[in-house]
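Listed below are the residues making up each chain.
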Amino acid sequence: MDKELYCDYSATTPVLPEVLVEMMPYLMNGYGNPSSVYTKGREAKEAIENARKSIANNMSCKPEEIIFTSGGTESDNLAIKGIAQLKGKNGLYITSKIEHPAVLNVFKELEEQGYEVIYLDVDSTGLVFIEQLIDVTRSQKKINLVSIMYANNELGIIQPIEEIGHILKAYDEETIFHCDAVQAVGKKMLHLNGCDVDLLSASGHKFGAPKGIGFLYKKKGLELNCQNIGGGQENNLRSGTENVASIVGMAKALEIHMDNLINKQNQTHSIEGFIRTYLKNINGTHFNSLFSDKQNIAKIHGILNVRFDNISAQSLLLYLDNKGIYVSAGSACHSDSDTPSHVLKAIGLTDEEALSSIRISFDNSMTANEVYYLVENIKESVEYLRKM
Ligand code: PLP
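Note that the structure is predicted; figures quoted are calculated from it, not measured.

A. Representation of the overall build of the chain. For the chain, the helix and strand inventory stands at 13 helices and 12 strands. Rg of the C-alpha trace for the chain: 21 Å, near the compact-globule value of 21 Å for 388 residues, within the 12% margin. By its C-alpha atoms, the chain is 65 × 60 × 35 Å across when sized along the principal axes. Summarising the internal contacts of the chain: among those between residues at least 6 apart in sequence, 71% fall at separations of at least 24. Approximately 16800 Å² of the chain is accessible, and the part contributed by carbon and sulfur atoms is 50%. In the chain, which carries 37 positive and 49 negative side-chain charges, the distance between the mean positions of the two groups comes to 2 Å.

B. Inspection of the nonpolar core at higher detail. Formed by 67 residues in total, the largest nonpolar core has its most connected members in I55, M59, Y150, V185, L200 and F215. Membership of the second largest hydrophobic core comes to 28 residues, among which are L317, I358, L374 and V375.

C. Spotlight on the sheet that holds strand β7 (residues 199-203). In spatial order, the strands read β2-β8-β7-β6-β5-β3-β4; together these seven strands make up an open sheet with mixed pairing. On the outer flanks of this sheet lie β2 (66-69) and β4 (116-120), each paired with one strand and no other. Sheet twist, expressed as the mean angle between neighbouring strand axes with direction ignored, is 20 degrees. Judged from the three bridges that link them, strand β5 (residues 143-147) and strand β6 (residues 176-180) form a sheet pairing that is parallel. Residue pairing for β6: S147 is matched across the bridge by H178. Across the face of the sheet, helix α2 (residues 39-59) comes into contact with β2, β7 and β8 (214-218) while running at roughly 120 degrees to β2.

D. Region of the structure containing the sheet that holds strand β9 (residues 285-287). Within the open sheet, the three strands sit side by side as β9-β10-β12. Their pairing is antiparallel. A single partner strand is all that each edge strand has here, and the edge strands are β9 and β12 (357-361). Shown here is a sheet whose adjacent strand axes are inclined to one another by a mean of 30 degrees, direction ignored. In terms of strand pairing, β9 meets strand β10 (residues 303-308) through three bridges, oriented antiparallel. Bridged to F287 within β10 is V306.

E. Helix α8 (residues 244-258), seen in detail. End to end, α8 covers 21 Å across 15 residues, agreeing with the expected 21 Å (1.5 Å per residue, within 8%). Along α8, 12 of the 15 residues are buried, which leaves the element largely enclosed by surrounding structure. Within α8, burial applies to V244, A245, S246, I247, V248, G249, M250, A251, A253, L254, H257 and M258. Buried positions along α8 lie against α1 (17-27), α2, β2, β8 and α9 (261-280). Positive backbone phi, at 60 degrees, marks N260, one or two positions downstream of α8.

F. The arrangement of the pairing of β12 in detail. Of all the five residues making up β12, five are buried; the element is thus mostly covered by neighbouring parts of the structure. The alternating pattern of β12 places S357, R359 and S361 on one face and I358 and I360 on the opposite face, and all of these are buried. Across five bridges, β10 lies against β12 in antiparallel orientation. When the sheet's bridge partners are listed, V306 is paired in β12 with I358.

G. Summary view of the site of the ligand. Lining the immediate surroundings of the ligand are 13 residues, of which T73, D180, Q183, S203 and K206 lie closest. Here an oxygen atom of the ligand sits 2.5 Å away from a polar atom, N or O, in the side chain of K206. Relative to its unbound accessible area of 390 Å², the ligand is 86% covered by the protein chains. Ranked by residues supplied to the shell around the ligand, first place goes to helix α3 (residues 72-87) with three residues.

H. Quick look at unusual backbone geometry. Of note in this structure, S60 is not a glycine but carries a positive phi near 50 degrees. With respect to the helices, strands and loops of the structure, S60 is situated in the loop between α2 and β2. By relative accessible area, S60 is classed as partly exposed at 24%. One non-glycine residue with positive phi stands out, namely N310, at about 60 degrees.

I. Representation of the packing of aromatic side chains within the structure. For the structure shown, the criterion picks out three aromatic pairs. Between Y6 and Y9 the ring centres are 5.4 Å apart and the planes differ by 55 degrees, which places this aromatic pair in the tilted class. By relative accessible area, Y6 is classed as partly exposed at 28%. The exposure class of Y9 is buried, given its relative accessible area of 14%. Against the face of Y31 rests K40, its NZ or CZ located 4.5 Å from the ring centre. When the ring centre of F287 is taken as origin, the NZ or CZ atom of R276, which lies over that ring, is 4.0 Å away.

Criteria and cut-off values
- Residues numbered from 1 in each chain as written.
- Predicted model: local features only at pLDDT ≥ 70, side-chain atom pairs only at ≥ 80, totals over all residues.
- Heavy atoms only, no water.
- Helix = DSSP H or I, 4+ residues; strand = E, 2+ residues; numbered from the N terminus.
- Rg over C-alpha atoms; globule rule 2.2 N^0.38 Å.
- Contact = heavy atoms within 4.5 Å.
- Areas by Shrake-Rupley, 256 points an atom, 1.4 Å probe, with all protein chains shown as cover.
- Lys, Arg positive; Asp, Glu negative; His and termini not counted.
- Charge placed at Lys NZ, Arg CZ, Asp CG, Glu CD.
- Core = buried A, V, L, I, M, F, W, Y, C linked by side-chain atoms within 4.5 Å.
- Buried < 20%, exposed > 50% of the residue type's maximum accessible area, 1.4 Å probe, protein only.
- Pairing = 2+ DSSP bridges.
- Axes fitted to C-alpha atoms, helices over the stretch in contact; angles between N-to-C directions.
- Expected span 1.5 Å × (residues − 1).
- Near = heavy atom within 4 Å.
- Polar contact = N/O pair within 3.5 Å; in protein donor to acceptor, adjacent residues only side chain to side chain.
- Phe/Tyr/Trp six-rings, centres within 6.5 Å; stacked < 30°, edge-to-face > 60°.
- Lys NZ or Arg CZ within 6 Å of the ring centre and 35° of its normal.

Shown next, in the form of structure tokens:
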């Protein structure tokens, strides 16, 4: 087999053909500005509102709770800075050590500005130490904002979001809970209606929509400082002419992903099982991410993080690249650097272990032949690199 095999779905996904079809009219004839009052503008506006309804329906929330943004990073920035600017420095800001840089770097900036920030530790599977959070509540300090990701982009581990929400709201109704769900939207059934999450970030390119589009769920009635000032679009929360075609495409992509979701997840889970079984046969293989033989384990299927003793992940990555196989070392934001992943370090790996780890991520479309091609090439590459 001489082909391209894309196994980096956590970095980004190909745009689904049905999504492109849905978008085309808004790139061709339906190019009106949604703020214009004439027919062409009103049609674009209607397309946005229909997309909002469809997304809200799939997220079990109200359409007016969806704010369109340019993606996960912007949604995270809007949520965290939007709350910090309103609540100020009197009170704690809490996150975890394994967040994506789109969250971590915002917290670092807050810290530099004099906000009091706590970074929660995680255990060896990547689960946040809830006890640490409970300890903070015992200290009776005011907590302004907690931001914990739904699923980690390097390990797939899912945090106990419901439990964290309950703890926070039982402690203080005023504590705001933000959740970066970029790796979960389109892969998990989320019911935002009535849950304790106040703000939730999503990104279209992680589930078959183009890059540069996403949304932030904001619970009805919650106040948030806007970060983009201008024409007052998105209910004055995110000014800028809307990316109509991508918004329409993102709604379609989510609709496709949510259709028959359980079946697709089961298929992805089986594929992950096959890959692990094959990889186990390579000497010196260790899995950094969990796997379950039960459906309900707290893990996103299709994210597999593995390391091979005495192998440089960068060399392996390049070697596989020559064979047309695309995987990553850590997350996409680490793939071209020699810095060990902060996530793998946080779960207790040494620098050397972290630098010998790769992430393989895929969906249910991977065929048996592709699985075989992937594992055979990994085995051959690892053996070759070890001999070198
Ligand atoms: N949050 C998580 C957990 C992610 O995995 C990513 C992207 O990899 C982002 C945020 C950033 O999203 P975007 O690429 O849409 O800015």
